[in-house]
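As a plain string of letters, each chain reads:
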Amino acid sequence: SGAPCSCPQGCGESPWTSPNTVTFKNRASSWGCPVSAALLTIPRSHFRDIRDLKWSCPSKMEALVEEMLLAGFVAYSKQFGLGPVEQCIHAATSVSVAWLHLHTFCL
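These numbers come from a predicted model, not from an experiment.

Novice: I'd love a proper account of the overall build of the protein chain, names of residues and values included.
Specialist: Looking only at helices and strands, one finds 2 helices and 5 strands in the protein chain. Written out in order from the N terminus, the α and β elements of the protein chain read β-β-β-α-α-β-β. Its C-alpha radius of gyration of 14 Å places the protein chain within 12% of the 13 Å reference for a compact globule of 107 residues. Taking all 107 residues of the protein chain together, the buried fraction comes to 34%. In the protein chain, the proportion of contacts linking residues at least 24 apart, taken out of those at least 6 apart, comes to 50%. As displayed, the protein chain offers around 6,800 Å² of accessible surface, 57% of which is attributable to carbon and sulfur atoms. Within the protein chain, the 7 negative side-chain charges are centred at a point lying 5 Å from the centre of the 8 positive side-chain charges.

As structure tokens, this is what we get:
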């Protein structure tokens, strides 16, 4: 379209996808390890936080969280190589944005 890229993480790389999630580079970086990049994995459906997922979709919660964890790990491994990672989801009382997301970064 000729318009400049407006995505904070850049427009040159496609996000990684799974049936119910999308994973992409986080604007924030990790520190204290060889790879400073960090990834975010979000569900394709909107959930405000982990509590909202539990209340809105209790029968699918475990499967979705498992898919998010696996998708984040696989994307990180493909992009940066195998190795230990840390993954976390904010508690419902301590969210940074109103969208459920999983952080994946180096350990």
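Novice: Would you mind going over the pattern of salt bridges in detail, with residue names and values included?
Specialist: Counted under the stated rule, the structure contains 1 salt bridge. Close ionic contact of Arg48 with Asp49 constitutes a salt bridge, the shortest N to O distance being 3.8 Å. Judged by relative accessible area, Asp49 falls into the buried class, the value being 7%.

Novice: I'd love a proper account of the nonpolar core, names of residues and values included.
Specialist: With 9 residues, the main nonpolar core is built from Phe47, Ile50, Leu53, Leu64, Val65, Met68, Ala92, Leu100 and Leu102. Going through the elements one at a time, helix H1 (50-56) and helix H2 (61-80) are the ones with two or more residues in this core. Residue contacts for Ile50: discarding those within four places in its chain leaves Met61, Val65, Ile89, His90, Ala92 and Leu100. Cys33, Leu39, Ala75 and Tyr76 belong to the second-largest nonpolar core, a separate cluster that totals 6 residues.

Novice: Explain the sheet that holds strand S1 (residues 16-18) to me, using residue names and the numbers behind them.
Specialist: Spatially, S1-S2-S3-S5-S4 is the arrangement adopted by the 5 strands of the open sheet, whose pairing is antiparallel. In the strand order of this sheet, the two ends are held by S1 and strand S4 (85-89), each with one partner. Neighbour to neighbour, the strand axes of the sheet diverge by 20° on average, direction disregarded. Here S4 pairs with strand S5 (residues 102-106) via 5 bridges, running antiparallel.

Reading the values: the criteria
- Residues numbered from 1 in each chain as written.
- Predicted model: local features only at pLDDT ≥ 70, side-chain atom pairs only at ≥ 80, totals over all residues.
- Heavy atoms only, no water.
- Helix = DSSP H or I, 4+ residues; strand = E, 2+ residues; numbered from the N terminus.
- Rg over C-alpha atoms; globule rule 2.2 N^0.38 Å.
- Buried < 20%, exposed > 50% of the residue type's maximum accessible area, 1.4 Å probe, protein only.
- Contact = heavy atoms within 4.5 Å.
- Areas by Shrake-Rupley, 256 points an atom, 1.4 Å probe, with all protein chains shown as cover.
- Lys, Arg positive; Asp, Glu negative; His and termini not counted.
- Charge placed at Lys NZ, Arg CZ, Asp CG, Glu CD.
- Salt bridge = Lys/Arg side-chain N within 4 Å of Asp/Glu carboxyl O.
- Core = buried A, V, L, I, M, F, W, Y, C linked by side-chain atoms within 4.5 Å.
- Pairing = 2+ DSSP bridges.
- Axes fitted to C-alpha atoms, helices over the stretch in contact; angles between N-to-C directions.

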